Amino acid sequence: MQERPRWRTTLTGRVSPRFQVGVEFNANAPEAKLNPVGNYFIQPESNTRPGIVAGFSSDRIGTPRGMSYFVSAQKQLGGEKGRIAPYVGLAYSEFGKQVLAPFGASFALRDDLVLLPMCDGKYGHTTLSWFSKRGESVSLIAAFNKRVGIAFARNF
């Protein structure tokens, strides 16, 4: 397991309704402790079409350095009341110098609890996230589906 993702802090802000940018700080990274992050919602999801997002961030969990550039499509099945939202994408890994095909699906177990099994194009990971009504969330992460971690988030 790489040290880089062990202590990660990300701060992002919306520049417009479709564009957000920020910075990610990796305290344990041997180099490039500060990385840009961002994404642009090319096409918002609707009842008839998937949402499409393009962006950039640090490379996959298991990589010691590098950036990832991606585009993904996601669609909530069953309309607004749907509980399953699969996604698929393409991502270029600077570290691996290769194009990967990440995929997964979120399963809303309750309105405030979401299970997300995924593959980053090489390895499987799973998160279980709880969302408060005030904008906080706590996620239990199973990196490589065996190394357990926790993430906290706060929306302002």
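Structural notes, computed from the coordinates. Just so you know, these numbers come straight off a predicted model, no measurement behind them. (Residues numbered from 1 in each chain as written. Predicted model: local features only at pLDDT ≥ 70, side-chain atom pairs only at ≥ 80, totals over all residues. Heavy atoms only, no water.)

Describing the pairing of strand β9 (residues 113-119)
Relative to β9, strand β8 (residues 103-110) runs antiparallel, the two being bridged by five bridges. Each bridged residue has a counterpart across the sheet, and for Arg110 the counterpart in β9 is Leu113. Between β8 and β9, which pair antiparallel in sequence order, lie two residues. Here seven bridges tie β9 to strand β10 (residues 124-131), and the two strands are oriented antiparallel to one another. Within β10, the residue paired with Cys119 across the bridge is Gly124. Between β9 and the antiparallel strand that follows it, β10, lie four residues; Gly121 among them carries a positive phi value of about 105 degrees. (Pairing = 2+ DSSP bridges. Helix = DSSP H or I, 4+ residues; strand = E, 2+ residues; numbered from the N terminus.)

Quick word on the pattern of salt bridges
Across all of its chains, the model carries six salt bridges by this definition. With a closest N to O distance of 3.2 Å, Arg134 and Glu136 form a salt bridge. Between Arg154 and Glu136 there is a salt bridge whose closest N-O contact spans 3.6 Å. In this pair, Arg154 sits in strand β12 (residues 147-154) while Glu136 sits in strand β11 (residues 136-143), placing the two residues 18 residues apart along the sequence. The structure contains a network of salt bridges with shared partners spanning Arg134, Glu136 and Arg154. (Salt bridge = Lys/Arg side-chain N within 4 Å of Asp/Glu carboxyl O.)

Without other data, these values stay purely geometric and don't point to any function.
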